[in-house]
Amino acid sequence: MPKAPTAGLDRILTLELVRVTERAAVAAARLRGRGNENDADQAAVDAMRSELNCLPIRGTVVIGEGERDEAPMLYIGEEVGLGEGPEVDIALDPLEGTTICAKNLPNSLAVIAIAERGSLLYAPDVYMEKIAVGPGYPAGIVSLDAPAAENINNLAKAKGVPVSEITACILDRPRHARLIEEVRATGASIRLIGDGDVAGVIHTTDPDNTGIDIYMGIGGAPEGVLAAAALRCIGGQMQGRLELNTEEKIARAAKMGINDPKKIYTMEEMAQGDVLFAATGVTDGNMLSGVKFARDYIETHTIVMRSSSKTVREIKARHQDLEKF
């Protein structure tokens, strides 16, 4: 007997999401390596918004390009879709790694996640402290409240390897100087990345291929929610704590219903219920190939996932109708 349909989002939306990230990735890829971050980002935003407004959803952007007074399109609170179908929360980054794209470096992505209304953390556009590992470890193996050395040692013990075989992914920022020192003091190695911490978190789910066991450090809160959505689909553990270190940030967060500025959010609290996640490569990377332009077609490489079924699909598409882009 066939299985009964899974409650939650219509699985048809899975393929629709692929079209959204494909279109944004192609638009951004036309400008990769040209040194202009703003133009590449705007091209991706325009393309993603146009495709989102073709979907049969009543969507609200909860993680987007910024707050209403900062972004003209895909701002937090903007309503997208055809205005019919399920009510959904949307977290998106039309061009994750704008600097990466501008320099044509690895791991720039077009990323989106959708979930049932009220399921994604409605966070202000601030920094977030994060820690994440992939699947297969005991619950609570890492914690934001634990020292870096304790997290590294616990992870090595659980994996059954010496600390020297653990690699941490950390954004290459001055604010991480002390964290980098603490991790290196354990004997673990570090993969420093210039941008793109959604990809950094996702890479922890496949350390055999990516070489990354744990993600640590402070990055954007929007990227944190997107990464949590991805881990909900693949498996793993993640914690995030908003960096609400000024009265202005605390007030902004309070308007969004966040009243405890020191709260540690679990992966499940950042992305609840049935979640769909899609990412298309803009530039070549460890996880996805970038957009390839041929004379008569365009190739894209996308990963799309769903939390309720734990299904992960890779879609390599050849687009021969170039006019749709």
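Residues numbered from 1 in each chain as written. Predicted model: local features only at pLDDT ≥ 70, side-chain atom pairs only at ≥ 80, totals over all residues. Heavy atoms only, no water.

### Quick look at the packing of aromatic side chains
Stated precisely, the cut-off is as follows: Two rings from Phe, Tyr or Trp (for Trp, the six-membered ring) form a pair when their centres sit within 6.5 Å of each other. Planes less than 30 degrees apart are called stacked, planes more than 60 degrees apart edge-to-face, and all others tilted. The criterion for a charge sitting over a ring is simple: Lys NZ or Arg CZ within 6 Å of the ring centre, and within 35 degrees of the ring normal.
For the structure on display, the rule yields zero aromatic pairs. Here the basic side chain of Arg175 rests over the ring of Tyr127, its NZ or CZ set 4.5 Å away from the ring centre. A cation over a ring is seen here: Arg318 above Tyr297, with NZ or CZ 4.0 Å from the ring centre.

### Some thoughts on the confidence of the model for the protein
What counts is decided by this rule: On a range of 0 to 100, pLDDT expresses the predictor's confidence in each residue. Two residues form a contact once any of their heavy atoms are found within 4.5 Å.
In this model, the protein carries an average pLDDT of 93, and 97% of its residues clear a pLDDT of 70 or more. Taken as a whole, residues 1–6 scores under 50 in pLDDT and shows two contacts with residues more than four places along the chain or in a different chain.

### Topic: the nonpolar core
Rules: Here, the term nonpolar core denotes a set of buried Ala, Val, Leu, Ile, Met, Phe, Trp, Tyr and Cys residues that are joined through side-chain atoms within 4.5 Å. Burial status follows relative accessibility: with a 1.4 Å probe on protein chains alone, a residue under 20% of its type maximum counts as buried, one over 50% as exposed, and anything between as partly exposed.
Met238, Leu242 and Phe277 are the most contacted members of the largest nonpolar core, which has 47 residues in total. By size, the runner-up hydrophobic cluster in this structure holds 35 residues, among which are Ile57, Leu74, Val80 and Leu92.

### Some points on the side chain of Lys130
For the record, the criterion: Under the scheme used here, helices are H or I runs from DSSP no shorter than 4 residues and strands are E runs no shorter than 2 residues, and both carry numbers assigned from the N terminus. Between N or O atoms, a polar contact is any pair within 3.5 Å; within protein, one atom must be a potential hydrogen donor and the other a potential acceptor, and residues adjacent in sequence are included only when both atoms are from side chains.
Looking at the element boundaries, Lys130 is found in strand E5 (residues 127–133). Take Lys130: its relative accessible area is 2%, and that puts it in the buried class. A polar contact is formed between the side chain of Lys130 and the backbone oxygen of Gly220, at a distance of 2.8 Å.

### Topic: the state of the cysteines
What counts is decided by this rule: Criterion for a disulfide: a pair of cysteine sulfur atoms at a distance within 2.5 Å.
The tally for this structure, following the rule as stated, stands at zero disulfides. Left without a disulfide partner, Cys233 is nearest to the cysteine sulfur of Cys169, which lies 20 Å away.

### Description of helix H5 (residues 177–185)
As a reminder of what qualifies: Directions pointing from the helix axis toward each C-beta atom define the arc.
Within the span of H5, buried status applies to Leu179, Ile180 and Val183. Projected down its long axis, H5 shows its buried positions confined to an angular sector of 100 degrees, all on one face. Seen from the open side of H5, the exposed residues pointing more than 90 degrees away from its buried face are Arg178, Glu181 and Ala185. Looking at the packing, one finds that the buried side of H5 touches helix H4 (148–159), strand E6 (167–171), strand E7 (189–193) and strand E8 (214–220). Phi turns positive, to about 100 degrees, at Gly187, one or two residues after H5.

### Side note on the side chain of Arg252
By the element assignment, Arg252 lies in helix H9 (residues 247–255). For Arg252, the contacting residues outside a window of four places in its chain are Glu67, Pro124, Asp125 and Val126.

### Details of the sheet that holds E5
Either a parallel or an antiparallel arrangement is found when strands of a sheet pair, and the pairing is made through backbone hydrogen bonds. What counts here: Between any two strands, at least two bridges found by DSSP are needed for them to pair. Here the axes come from fitting lines to C-alpha atoms, over the contacting stretch only for helices, and the angles between their N-to-C directions go from 0 to 180 degrees.
On the basis of which strands lie adjacent, the open sheet formed by six strands has the order E7-E6-E8-E5-E9-E10 and mixed pairing. Edge positions in the sheet fall to E7 and strand E10 (265–266), since each has one partner strand and no second. Relative to E7, E6 runs parallel, the two sharing five bridges. Bridging from a neighbouring strand, Thr167 pairs with Ser189 of E7. Sheet strands in contact with H4 are E5, E6 and E8, and its direction is about 140 degrees off that of E8. Relative to the sheet, helix H8 (residues 221–234) contacts E5, E8 and strand E9 (237–242), its axis offset from that of E5 by approximately 25 degrees.

### Focus on the pattern of salt bridges
Selection criterion: Salt-bridge detection follows one rule: a side-chain nitrogen of Lys or Arg within 4 Å of a carboxyl oxygen of Asp or Glu.
For the coordinates displayed, the defined rule picks out 15 salt bridges. The salt bridge involving Arg58 is made with Glu87; its shortest N-O contact spans 3.6 Å. Note that Arg58 is positioned in strand E1 (residues 58–63) and Glu87 in strand E3 (residues 87–96), a separation of 29 residues in sequence. Residue Arg58 is classed as partly exposed on the basis of its relative accessible area of 38%. The exposure class assigned to Glu87 is partly exposed, which follows from its relative accessible area of 40%. Between Lys130 and Asp197 there is a salt bridge whose closest N-O contact spans 2.5 Å.

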